[in-house]
Structures are given as structure tokens and as C-alpha cells.
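# Breakdown of the fold
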Amino acid sequence: MNILKNSKRALASVTIIFLLLCPADGAKKKAKTDEGAAHFAAGVQAADQRQYDQAIIEFTKAIEIDPKDIPAIENRAYMYLALQKNAEAVVDFTQVIELAPGQTTSYLGRGQAETNLKQFEPALTDLSKAIELKPDDPNAYRFRGFANIGKADWNAAIADYDKAIEMNPQDEQAYVWRAFAKRSNHKYEDALADYNKAIEINPNDFDAFDKRGYCYSLIDQWQKAIADYQSALAIKPDQPDTIARLRFAQRQIALAASTPKPTPKPTPEPTPVPPLISPTGWVGIGAGAVVLLLIIVVFVVRARRRTPD
């Protein structure tokens, strides 16, 4: 599903930003041994450098020393999530939730992993729990919006992004994904307004230009679609899907220009209405009238001869 393919990229980028905050919280809890603390610190350093495989190795060593090391387990889960190893992430997040049922970040993380696995109902349950535990976190609404998009529940997704934008009006990705939900719900003008806002916030947002171009194509505004695809490719030149859409839009313009306009059909000449009496008929009527007149004259003449003076 293209929806999920694109949403995975967005989820991964947001997850990376979020997980770098987690080690700092986890580091506040002193490890039981110096060796465990050393592995945990090494995992944090690897995560900071986006060396996620190495981070997993270090966090795993810390967990082997202390199987209930919640910060190490949760951070390993986020490393799995960043690498799109969603099943492994779900296992680790579940373990954290069992050890610490009030751990908001694990409900949030497990909901993301479940969304990537297309397990939308469990994802919605987890993300709603994260919102219940921390209702002022816009990320929870954003990720629940992804899950609702996966279910094609456009109105619910729009409501989630409304809330996320209310909390953070400068989040251009929330506008992009709300526009996606509106576009999917055939609210094209509303979707274009959201894409416009996203581009206003970040003029280098590839997704906003690319998706706005597709939205224009859906309403046959091919010139505007072409301009947006070209802007998107100026930001990221090697995007085969965008290049294909650009070429398709250009073909539509060329096809419209080369197709001759249909010649209007000539107006048919009216069928002549035959006269009630043909010319031949008029001749016959005239002859009959003459004969009748002669008869009348003869009759009158005879009548006068018979009348005495």
C-alpha cells in the first residue's frame, strides 16, 4: 500500500527525533552495575550517531546484565523501530509496558510499530492509551492519524491532525498528512489549502510539493501539477515516482494540444412541407369552376326564355 510506504518514511524520521530524547530520561536511572551502565552509555552514543545496529548490540548487553533494565529495553525497541524491525520492536515495547504500565513512550512506540505492521486496531488502542496518559503530546495524535489513514478512516485522521496542529501550528508534516486525508476524502480545495500551508512553513518540503502536484492532477489542473513536480524534483532529483507523474502530466498537456476540436455537425436543412393542394390540383379546381360557371349561365339563359314578357 503506497499510503503505508510513504507513512513509514514519515514515521521513521519522527521516531529518530523522538528516540534521541529517550536515552536522557533513561540515563537518570542508575544502572545496577558499572558494566551495564557502560553498555547503556555506548548504546546512547551509537544512537546519537544513528548507528542503530551498534546501539542494539550495546543495549542488548545491558539487558543481559539486567533483564529488567527498562531504559535499555525501551531504547532497543526504538532502535528496532528506526530500522523498521517492527515485530522486534513490539516485543520490547510490550515487555516495558508489562514492567511499567504507565510508560507513555512505550505505548506510543508500540502503536507506531503496529501501524507499520498494518495492525491498525491494536495501534489505535495503544495510541489512544498514550493520549490518555499524556494528552498534551501532539506526536500521539499524529501517529494515531497514521493509524486512521491506514484504516481509510479519513474523518478520524483529519480530527487527529486537527488536534496535532492545534498543539503545534508549525508542524508542516501534520498539514501534509491532514491534506492527504482530505484529498482521499475528495475535499480537494481543503487539501490544497493544507499543502499551501505546509509549503509556507517549509519551502523545501519535498512531500508537500509532490503531493500537492498529485492533488492538482486529480482535478485536471495539469500545468500546476507540472510546476509542483518540478519544484519537488529540484529538492530531490532522483525520485522515480515523481518523474513518472511529471511525464504523465506533460503527456496530458501534449495530448490536449494535439487533439483537434470536434467539427460541429451541420444544421440539417428543414424538410419542405408539401402544399395542401399541388399546382396540378389548382389547375383542376380552376377548370371545374369554369365549367360550373358555364352551366349556371346556360341555366339562367334558359330560364329567361321561359319567362313571359
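Given the structure is predicted, the values throughout are model-derived calculations rather than measurements.

Among the nonpolar cores identified, the biggest contains 69 residues, and Met79, Leu108, Ile149, Tyr161 and Tyr195 are the most heavily contacted of them. Considering every element that reaches this core, the biggest residue donor is helix H5 (residues 70-82), with nine residues.

Quick look at unusual backbone geometry now. The backbone of Lys118 sits at a positive phi, close to 65°, despite the residue not being glycine. Topologically, Lys118 is positioned in the loop between helix H7 (104-116) and helix H8 (120-133). Of note, the phi angle at Asp220 is positive, near 65°, even though the residue is not glycine.

Under the definition given, this model contains 14 salt bridges. With a closest N to O distance of 2.6 Å, Lys151 and Glu121 form a salt bridge. Pair noted here: Lys151 is in the loop between helix H9 (138-150) and helix H10 (154-167) and Glu121 is in helix H8, with a separation of 30 residues, a long-range link. By relative accessible area, which is 47% here, Glu121 ends up partly exposed. Residues joined in a network through salt bridges with shared partners are Asp162, Arg178, Lys182 and Asp194.

Turning our attention to helix H3 (residues 34-48). In an α-helix, one turn spans 3.6 residues; hence positions three or four apart end up facing the same way. With 15 residues, H3 extends 21 Å from end C-alpha to end C-alpha; this agrees with the ideal 21 Å at 1.5 Å per step. Of the positions making up H3, those classed as buried are Gly36, His39, Phe40, Gly43, Ala46 and Ala47. In a view along the axis of H3, the buried residues occupy a sector of 125°, so they form one face of it. Exposed and facing more than 90 degrees away from the buried side of H3 are Asp34 and Asp48. Among the residues trailing H3, Arg50 stands out with phi positive, at a value near 60°.

Relative to the helices and strands, Arg178 is located in helix H11 (residues 172-184). Residues Arg178 and Tyr161, 17 residues apart in the sequence, show an inter-C-alpha distance of 5.7 Å. Contact partners of Arg178, with chain neighbours within four places excluded, come to Ile158, Tyr161, Asp162, Ile165 and Asp194. Looking at Arg178, its side chain comes within polar contact range of the side chain of Asp162, at 2.6 Å.

All chains considered together, the criterion is met by eight aromatic pairs. Here the aromatic residues Phe143, Phe146, Trp154, Tyr161, Trp177 and Phe180 are joined through ring pairs into a cluster of three or more.

Okay, the packing of H3 against helix H4 (residues 52-65) next. Contact geometry of H3 with H4 gives a least axis separation of 8 Å together with a crossing angle of 160°. Taken together, the axes of H3 and H4 lie roughly antiparallel to each other. You can see that H3 and H4 cross each other, and the crossing is left-handed. For the pair H3 and H4, contact is made by Glu35, Gly36, His39, Phe40, Ala42, Gly43, Val44, Ala46 and Ala47 and by Tyr52, Gln54, Ala55, Glu58, Phe59, Lys61, Ala62 and Ile65, respectively. Grouping the amino acids of the contact of H3 with H4 by side-chain chemistry returns 10 nonpolar, four polar and three charged.

Relative to the helices and strands, Arg110 is located in helix H7. When neighbours within four sequence positions are excluded, Arg110 is seen to be in contact with Val90, Phe93, Thr94, Ile97 and Asp126.

Let's shift gears to the confidence of the model for the protein. Averaged over the protein, the pLDDT score is 83; the fraction of residues at 70 or greater is 73%. Below a pLDDT of 50 lies the segment residues 1-31, which in the model reaches 55 contacts outside its immediate sequence neighbourhood of four places, other chains included.

Here we come to H11. Taking 1.5 Å of rise per residue, 13 residues should cover 18 Å, and H11 covers 18 Å from first to last C-alpha, within 8% of that figure. The element H11 is largely enclosed, with a buried count of 12 among its 13 residues. Along H11, the residues that are buried comprise Glu172, Gln173, Ala174, Tyr175, Val176, Trp177, Arg178, Ala179, Phe180, Ala181, Lys182 and Arg183. For H11, the N-terminal capping position is held by Asp171, with its side-chain oxygen 3.2 Å away from the main-chain nitrogen of Gln173. In the stretch just after H11, His186 is the one whose phi turns positive, near 65°.

Criteria and cut-off values
Residues numbered from 1 in each chain as written. Predicted model: local features only at pLDDT ≥ 70, side-chain atom pairs only at ≥ 80, totals over all residues. Heavy atoms only, no water. Core = buried A, V, L, I, M, F, W, Y, C linked by side-chain atoms within 4.5 Å. Buried < 20%, exposed > 50% of the residue type's maximum accessible area, 1.4 Å probe, protein only. Helix = DSSP H or I, 4+ residues; strand = E, 2+ residues; numbered from the N terminus. Salt bridge = Lys/Arg side-chain N within 4 Å of Asp/Glu carboxyl O. Expected span 1.5 Å × (residues − 1). Arc of directions from axis to C-beta. Contact = heavy atoms within 4.5 Å. Polar contact = N/O pair within 3.5 Å; in protein donor to acceptor, adjacent residues only side chain to side chain. Phe/Tyr/Trp six-rings, centres within 6.5 Å; stacked < 30°, edge-to-face > 60°. Axes fitted to C-alpha atoms, helices over the stretch in contact; angles between N-to-C directions. Parallel < 35°, antiparallel > 145°, perpendicular 65-115°, else oblique. Left-handed = near helix turned anticlockwise from the far one by under 90°. Nonpolar A, V, L, I, M, F, W, Y, C, P; charged D, E, K, R; others polar. pLDDT = per-residue confidence, 0-100.

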